[in-house]
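Results of the structural survey
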Amino acid sequence: MHARRRSLAAALLLALLATTFAAAADRPAPILFVHGNGDSAAVWLVTIWRFESNGYDAGRLFAIDHARPNARSDDTQSQDNRSSSADQVKELAARVADIQARTGAARVVLVGSSRGGYSIRNYVKNGEGPARVSHVVLGGVPNHGVWATPRDLNSEFNGLGRFLMGLNAGDEVHPGIRFLTIRSDSNDKYAQPDGRFISRPGEPTNVTFVSPELRGATNIVIPGLDHRETAFHRLAFKEMYRFITGREPATLAIASEDRPVLNGLVSGFANRAFTNLPLAGATVEVYQIDPASGQRQGEPVHRRTIGADGLWGPLTASSAASYEFVVTAPGYPTTHIYRTPFPRSSAYVHLRVRPLDGRDTGPGSIVTLSRPRGYLGHGRDTFTIDGKVPDGVNPGVPGTSEAKMRFEPGPLRPVRVVLNSDTLTVLTHAVDDGHVAIAEFHR
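What counts, and at which threshold
- Here the residue numbering is sequential within each chain, running from 1 through the sequence in written order.
- Given that the model is predicted, a residue must reach a pLDDT of at least 70 before its local features are reported, and side-chain atom pairs must reach 80 or more before they are shown or counted; all residues, however, enter totals for whole chains, interfaces and linings.
- Hydrogens and water molecules were not included; the side-chain quantities draw on all heavy atoms of the structure.
- We count a salt bridge whenever a side-chain nitrogen from Lys or Arg sits within 4 Å of a carboxyl oxygen from Asp or Glu.
- Working definition: helices are DSSP H or I runs of at least four residues, strands are E runs of at least two. Numbering for both runs from the N terminus.
- One less than the number of residues in a helix, times 1.5 Å, gives the span that helix is expected to have.
- Burial status follows relative accessibility: with a 1.4 Å probe on protein chains alone, a residue under 20% of its type maximum counts as buried, one over 50% as exposed, and anything between as partly exposed.
- Pairs of residues are marked as contacts when any of their non-hydrogen atoms sit within 4.5 Å.
- Within this scheme, the nonpolar core is defined by two criteria: the residues are buried Ala, Val, Leu, Ile, Met, Phe, Trp, Tyr or Cys, and they are joined through side-chain atoms within 4.5 Å.
- A pair of strands is labelled paired if DSSP reports no fewer than 2 bridges between them.
- Lines fitted to the C-alpha atoms define the axes, with helices restricted to the stretch that makes contact. Angles between their N-to-C directions range from 0 to 180 degrees.
- Orient the strands so they point away from the viewer, and a crossover whose first-strand-to-second-strand path over the helix runs clockwise is right-handed.

Regarding the pattern of salt bridges
Tallied over the full model, the rule gives 30 salt bridges. For the salt bridge of Glu128 with Arg132, the shortest nitrogen-to-oxygen distance reads 2.8 Å. When the shortest N-O distance is used, the salt bridge between Asp226 and Arg380 registers 2.8 Å. Here Asp226, found in the loop between β8 (218–221) and α7 (229–232), pairs with Arg380, found in the loop between β19 (365–370) and β20 (383–385); they are 154 residues apart in sequence, far enough to count as distant. Where salt bridges share partners, they join Asp226, Glu229, Arg371, Arg380 and Asp381 into one cluster.

Here we look at unusual backbone geometry
Glycine aside, residues mostly have negative phi angles, and peptide bonds mostly take the trans form. Backbone torsion omega between Gly313 and Pro314 reads 10°, so that peptide bond is classified as cis. Positionally, Pro314 belongs in the loop between β14 (302–305) and β15 (315–316). For Ser114, which is not glycine, the phi torsion reads 50° and is therefore positive. Counting through the fold element by element, Ser114 comes out in the loop between β3 (108–113) and α4 (116–126).

A word on helix α8 (residues 234–245)
Note on helix geometry: an α-helix contains 3.6 residues per turn, so any two residues three or four positions apart are oriented the same way. For α8, with 12 residues, the first-to-last C-alpha span of 16 Å sits near the 16 Å given by 1.5 Å per residue. The set of residues buried in α8 consists of Ala236, Phe237, Glu239, Met240, Tyr241, Phe243 and Ile244. Positive backbone phi, approximately 85°, marks Gly246, located one or two places after α8.

Focus: the environment of Glu52
Summarising the element assignment, Glu52 is placed in helix α2 (residues 45–53). For the pair formed by Glu52 and Ile254, sequence separation is 202 residues and the distance between their alpha carbons is 8.3 Å. Residues contacting Glu52, with those up to four places away along its chain left out, are Ala58, Leu61, Arg344 and Ser345.

As for the nonpolar core
Leu32, Leu92, Leu110, Val136 and Phe179 are the most contacted members of the largest nonpolar core, which totals 31 residues. Put simply, the parts of the chain that give this core at least two residues each are β1 (31–34), α3 (85–103), β3, α4, β4 (133–139) and α6 (162–168). Apart from residues no more than four positions distant in its own chain, Phe179 is found in contact with Val124, Val136, Leu138, Val173, His174, Leu214, Ala217, Thr218 and Phe243. In terms of nonpolar packing, the next biggest core, distinct from the first, is built from 26 residues, Phe33, Val43, Val109 and Ile182 among them.

Digging into the sheet that holds strand β22 (residues 414–419)
In space, the 3 strands of this open sheet follow the order β20-β22-β23, with antiparallel pairing throughout. The open sheet is flanked by β20 and β23 (422–427), the only strands paired with a single partner. Averaged over all neighbouring strand pairs, the angle between strand axes comes to 15°, with direction disregarded. Where β22 and β23 come together, 6 bridges link them in antiparallel fashion. In the strand pairing of β23, Val417 is matched with Leu424.

Focus: the pairing of β4
The buried count for β4 comes to 7 of 7 residues, which makes it a mostly enclosed element. In this structure, β3 lies alongside β4, joined through 6 bridges in parallel fashion. By the bridge assignment, Ser113 is partnered in β4 with Gly139. In this structure, β4 lies alongside strand β5 (residues 178–183), joined through 5 bridges in parallel fashion. Looking at the pairing, Val136 lines up with Phe179 of β5. Read as a crossover between parallel neighbours, the route from β4 over α6 to β5 is right-handed.

So, the sheet that holds β5
By definition, the strands of a sheet pair up through backbone hydrogen bonds, in either a parallel or an antiparallel sense. Reading across the sheet, the 6 strands line up as β2-β1-β3-β4-β5-β8 and stay open at both edges, with parallel pairing between neighbours. Of all the strands in the sheet, just β2 (61–63) and β8 have a single pairing partner and so form its edges. For this sheet the average axis-to-axis angle between neighbouring strands, irrespective of direction, equals 15°. Of the pairings in the sheet, the one linking β1 to β2 comprises 3 bridges and is parallel in character. Bridge assignment links Ile31 to a residue of β2, and that residue is Leu61. Here α4 sits on the sheet in contact with β1, β3, β4 and β5, set at roughly 140° to β3. The strands touched by α8 are β1, β3, β4, β5 and β8; relative to β5, the strand with the most contacts, the crossing angle is about 170°.

Such coordinate-based values are descriptive only and should not be taken to indicate function.
Set out below in structure tokens:
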């Protein structure tokens, strides 16, 4: 009798373990998205929404915020508010370990944009990546350098420098990990044979359009995309989703939620570099606005003084509403950030502020069009502020994600900002009074 009971108990335990392991096996691999130079986790906002809209478990989607995301000019020398390649890979390794501890997953998927691909490759080549990573996806990563000349050999971005020569020595991919690269045909500003985009016009870079590809990887070319879009465009999502899951995405659209919950980090700028460090002591107010006029509809729907964690939320919002985020912090202008509606929840609605550029001081108002997940291309994109195409956007290969326009002094007035099929109406705010306005688009 006792023997039968023990046998039954053992069988039940084995069945429970089998069910547990089967459930774990059915769950998708966690994905960690890694941003590029000077960026934050917020750039992955729309990509994460697309994964969720295709049924990917939201609890398995993560994005890292590197504390100091700008690279040093010399990787071997300390530089205020900038990080070395060693700093980046250390932070990445800690985040991977944290995700594995949270999810119980044996391996994770790493998806990187631009410089983010360097820390991923470094982790795979010189760290614990082979034991912890199943797939690597690299969008617009300058794997063979932004330039490859004897100049600035200690830069991470020099294809002849110590760092990239080390990553590219021998096998460029690890045989136990599946690699995908996504690049543009000829529209990536950091894969150009001429040094125009690195302030060396007319000087050969010794780099070609093919620079982002890796020997042994699946290498995909998507014509017309710019440097950022090779990671964040819907067509880039389609390729990474298919590569990671083995099937086509059901949709490239974003499924809407009625009451999305929003949160994110408030951070600042120092020594000519953005950081992803909490801007404690700042205050954030959120207003629902009339999308046609930019006017506020009543009192703030949310207000918070930023603490040590840097978070401004959470806010339960409406997917049909437009919002103005107002960030006030010592040493910065009061920043009015107008955003296109949020169809889904996100913990990566980050708010960044920066001091006024000396060129921006003076009478009147400044309105900035911001496109964090792509650049502005003449002839490819429609972008206007108050019905006019703003100055400062170079012709040819798209090279900037922002454009500004100054307005004469006067009372607050609405300004219509257009990016392709999306429109935002913002209000002018006087620079003399310490205010700036930003129209930030998701796409």
